[in-house]
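# Geometric and topological summary
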4 protein chains.
Amino acid sequence: MDMMLTQAPEFATSQWFNTDKPISLSDLRGRVVVIEAFQMLCPGCVSHTLPQAQTIQKAFSADEVAVIGLHTVFEHHAAMTPTSLKAFLHEYRIEFPVGVDLPSKTGGIPQTMARYQLRGTPSTILIDRKGRIRKHKFGQEHDLVMGAEITSLLLEPIAPSRDIVARNISEHITPAEGCNEEGCFLP
Amino acid sequence: MDMMLTQAPEFATSQWFNTDKPISLSDLRGRVVVIEAFQMLCPGCVSHTLPQAQTIQKAFSADEVAVIGLHTVFEHHAAMTPTSLKAFLHEYRIEFPVGVDLPSKTGGIPQTMARYQLRGTPSTILIDRKGRIRKHKFGQEHDLVMGAEITSLLLEPIAPSRDIVARNISEHITPAEGCNEEGCFLP
Amino acid sequence: MDMMLTQAPEFATSQWFNTDKPISLSDLRGRVVVIEAFQMLCPGCVSHTLPQAQTIQKAFSADEVAVIGLHTVFEHHAAMTPTSLKAFLHEYRIEFPVGVDLPSKTGGIPQTMARYQLRGTPSTILIDRKGRIRKHKFGQEHDLVMGAEITSLLLEPIAPSRDIVARNISEHITPAEGCNEEGCFLP
Amino acid sequence: MDMMLTQAPEFATSQWFNTDKPISLSDLRGRVVVIEAFQMLCPGCVSHTLPQAQTIQKAFSADEVAVIGLHTVFEHHAAMTPTSLKAFLHEYRIEFPVGVDLPSKTGGIPQTMARYQLRGTPSTILIDRKGRIRKHKFGQEHDLVMGAEITSLLLEPIAPSRDIVARNISEHITPAEGCNEEGCFLP
C-alpha cells in the first residue's frame, strides 16, 4: 500500500563534490535514486559498496537512475574532512555527486544520517520515482539483488512492482562495535 | 515489436540430472527461463557463470524464474561423459536441472547448441514468459546487469519492458581458440 | 634431527601426463619437490591449490624446485578417468608432470595416497633435497607461507633451516564429509 | 659482492604511530626489515600491499622480521595529515609501526622517500640483517615471491643467499600519471 511508504527526507548537507550546484532530492523526482552513505575510512565502503555504486552508475542510464554519495561522518571527524574527502574521490575515481552530511550541532550523528535513521556505514538506500524510501540496507547487498531491485523500481511508473526477489542472499550482519569487514557501526 | 523476436527452440537432450523427468521448454512457459550452457571442463563456466546461475536460483522465486543447465559438449567428448557430469554436479553442489545436449549425428556441435547458434561456452540465454529469446550472451555478464535484465523480463507480463540497462559493462571478448578465462570457443 | 624425518615413499602410478617418461622420486633427489595431490573434481583444488602449484612452477627455477601433480582419486572413480584428466589438464593449462595414483586392489584409497597417509584433497607435500617429507598440508596454505617454506628447504644444502615461519596463518580446517571449499575429505 | 650493495639510508620522520618511541633503522640491525611505503589514499596500497604487510607481520617472528610502514605523502598533503593517518591505521587495523616521512622543505617529495629514490607508492623495500637494501619494488609483488625473498634474506647470516627466485611473476608496470590499480606515480 502506497500510504505505508515513508517519503524520503531531504538532504542536509554542508558541501557537494562532483556537481556544479547542491542537489536536493526534489530535483531527482521521477528518477530512481540510489543513496550510498559512506565514510572514506570505512573499509567495507571502500572495498564493496562504493565500487558497487560505480557499477550502478555505469549500468543504468543517468536519466533513469541517480547515484548519490553521502559522506556521513560519525567518528574520526578531524580525519575525514572535506579536504580529505576531495582527494579520496579523486584517487578512487568516484564521479557521481557526493554531498557532505551536515554535522550535528551537538557533535554526534550528522543530520541526514539521523533523518534516515541509519545504523552505520555503508548503508544503501533506494528511493522510488515518487520520492519514497523502498530499501534500506546496512552492509553489503549482492550485485544481482541490487540490479534486480533497482530495475523493479524503474519499471514501477508503468505498473506496481511485485515482490520479485524471493530470498535475500546477503550475509546476516552480526552487530559489532567499530568497523569490521561488513561496515562501521554506530556506537 | 514482438513479431521480431525469435521463439526459443525446444531442448534436444539425451538425459537429465536434478529432475525427476525430462524438462521441455513448453513446461516452463509463463516463467522467465535462464539457460546456462556450459561444459564441465570450461574454466570460465566453473569460476563465473555456474556460480552466477546458482545465485540466480537463490535470488529469485522458482515460480518466477527457472534456471536450467545445458551440458553442451563440443570437444573432449570422452572426457565429459554423463558419468563425469554427474560427479561434477555433486561436487560443485549444483542443484538446478541440467540436461545433456543431444550429440550431433555427425560428431560436431550438439543439437540444442546448434539450434541456438551458440558461439561456445559459457553462454547464457534469457527467455521471456512467452518463450522468446531475449538475451544471448557468450562469456561473462556482470551480476548487476544480469539481475536487472531478468527483472525486466519478469515484469513484462504487466507491461512491456523498456531498455533500461544503458550500457553493457561486460568486458569485450576477443575471439580466441580453445579455452581462455572468458570461455571455450567453437573451432 | 635428521633421523626423525621420514623418507618420502616412492610414487605408485599407472600413468603420467606432461612428461615423456614416468617420474620416480629418486630422479628428483637434490631438488626440493612439491607434490600437489588433487582430484580434478575437487573444487578447492581447482580454485586454490592447483593455481598455487602453477605459480610455484613459474616462481622457482625448475632446476631447484620440481612441481609434481598426483591425481589421487578416492571417490567418483568412473567420473575422473585418465581420459577426463587429460582434457582437464589441457583446459586448465597445467603444464607440470601429473601422475595417476595407482588404484588400490580393494577399491579404496589409491596406493601413493595410502603410503603418504593423506587425509583428502587437496594435499600439498614438501620434500627436501634429501628426499625427506618436511611438510604435509591438507587444505590451503597461504602463498606467502608456501614461498617461505620452499625457500627454507632450498637453502638447506648450505645450512640447516631454522624454523622461520613463526605462525601458521592458514585457516583451521573443520573436519567434514564430502567436499567443501577447503577440500574433499576421506570418508 | 657485498661491497656492491647500498647501505639503507636512515629514516627521516616527523612522527610515529603504533610504537612508544621513534624507530631508527640502526635499532633493527640483525633483523630483516620490510619497509612498506604507502599513502593512505593510494588504492593499490589499501587493496594489496598493506594487507600483504599485515600478512608478513603475522607469518614471521617479530624477532626475525620487522615490518615498518612509512607514510610517504607526495600529493594531496592537506588530505593525508597525521590526524587522518591515525584514524586510517585504526580502521584498517594496521598494527605495525608507521613513521610519517618528513616533508621536504621545498614542498615536494618527502625526505626519506627522496633518500630511497622511490618511484611512487606502493613501494616495498627489503633490507638485510646487515642494513643493506636488497629489494626495491614499486607496485605489487606476488605473495609467494615475497615470502621466498624474505626467507632468503633470513637465512643469510648462516650462508649467503643464492638467487633462488628464478623469474619475477609480477605484472609489468606501465608508467602512468596519478594513481591506477598498480599504484600512485610520482609526477
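Note: the structure precedes this text.
The following refers to the structure shown. (Residues numbered from 1 in each chain as written. Chains lettered and ligands numbered in written order. Predicted model: local features only at pLDDT ≥ 70, side-chain atom pairs only at ≥ 80, totals over all residues. Heavy atoms only, no water.)

## Thoughts on the environment of I68(A)
Residue and element names in this part refer to chain A. What counts here: Numbering of helices and strands runs from the N terminus; a helix is a DSSP stretch of H or I covering at least four residues, while a strand is a stretch of E covering at least two. Contacts are assigned to residue pairs with any non-hydrogen atoms lying within 4.5 Å of each other.
One can find I68 in strand β3 (residues 65–71). Spatially, the C-alpha atom of I68 lies 8.5 Å from that of A37, the residues being 31 residues apart in sequence. The contact partners of I68, leaving out residues within four places of it in the chain, are F11, W16, I23, L28, V33, V34, I35, E36, F96 and P97.

## Regarding the side chain of T124(D)
Residues and elements named next belong to chain D. Heads up, the condition is: Contacts described as polar in this section are N or O atom pairs within 3.5 Å, which, within protein, must combine one atom able to donate a hydrogen with one able to accept it, while residues neighboring in sequence count only if both atoms come from side chains.
Relative to the elements of secondary structure, T124 occurs in strand β6 (residues 123–127). Among the polar contacts made by the side chain of T124, one reaches the side chain of E36 at a distance of 3.0 Å. Apart from the residues lying within four places of it in its own chain, the contact partners of T124 are V34, I35, E36, T49, K135, H136, K137 and M146.

## A few points about the environment of H136(D)
Residues and elements named next belong to chain D. Position of H136 relative to the elements: it lies in strand β7 (residues 133–138). Put simply, H136 and Y116 are 20 residues apart on the chain and 9.0 Å apart in space, counted from C-alpha to C-alpha. Discounting residues that sit within four places of it in the chain, H136 has contacts with Y116, Q117, L118 and T124.

## Digging into the packing of aromatic side chains
For clarity, the threshold we go by: Two rings belonging to Phe, Tyr or Trp (six-membered ring only in the last case) form a pair when the distance between their centres is within 6.5 Å. Interplanar angles under 30 degrees mark stacking, angles over 60 mark edge-to-face geometry, and anything in between is tilted.
The full count for this structure, using the stated rule, is 12 aromatic pairs over all chains. Of the aromatic side chains, those joined through ring pairs into one cluster are F38(A), F88(A) and Y92(A).

## Describing the sheet that holds strand β1 (residues 13–17) of chain C
All names here are of chain C. Heads up, the rule is: Whether two strands pair comes down to DSSP finding at least two bridges between them. Helix axes are fitted only over the stretch in contact, all axes being lines through C-alpha atoms; the angle between N-to-C directions runs from 0 to 180 degrees.
Across the sheet, 6 strands lie side by side as β1-β4-β3-β2-β6-β7; this open sheet has mixed pairing. Lying at the two open borders of the sheet, with one neighbouring strand each, are β1 and β7 (133–138). Averaged over all neighbouring strand pairs, the angle between strand axes comes to 20°, with direction disregarded. Helix α1 (residues 43–59) contacts β2 (32–38), β3 (65–71) and β6 (123–127) of the sheet and is inclined by roughly 160° relative to β2.

## Some thoughts on the state of the cysteines
Residues and elements named next belong to chain B. Rules: Pairs of cysteine sulfur atoms within 2.5 Å are identified as disulfides in what follows. For every residue, the accessible area obtained with a 1.4 Å probe (protein chains only) is divided by the maximum for its type, and the residue is called buried under 20%, exposed over 50%, and partly exposed between those limits.
The full count for this structure, using the stated rule, is 4 disulfides over all chains. A sulfur-sulfur distance of 2.5 Å marks the disulfide that ties C42 to C45. With the S-S bond torsion at 80°, the cross-link from C42 to C45 turns out right-handed. As far as the burial class goes, C42 and C45 line up, both buried.

## Describing the pattern of salt bridges
In plain terms, the rule: Salt bridges are defined as contacts in which a side-chain nitrogen from Lys or Arg sits within 4 Å of a carboxyl oxygen from Asp or Glu.
Taken as a whole, this structure holds 24 salt bridges over all chains when the rule is applied. Several salt bridges share partner residues, and in doing so they unite D128(A), R132(A), R134(A) and E156(A) into one network.

Remember that the coordinates give geometry; whether it matters functionally is a separate question.
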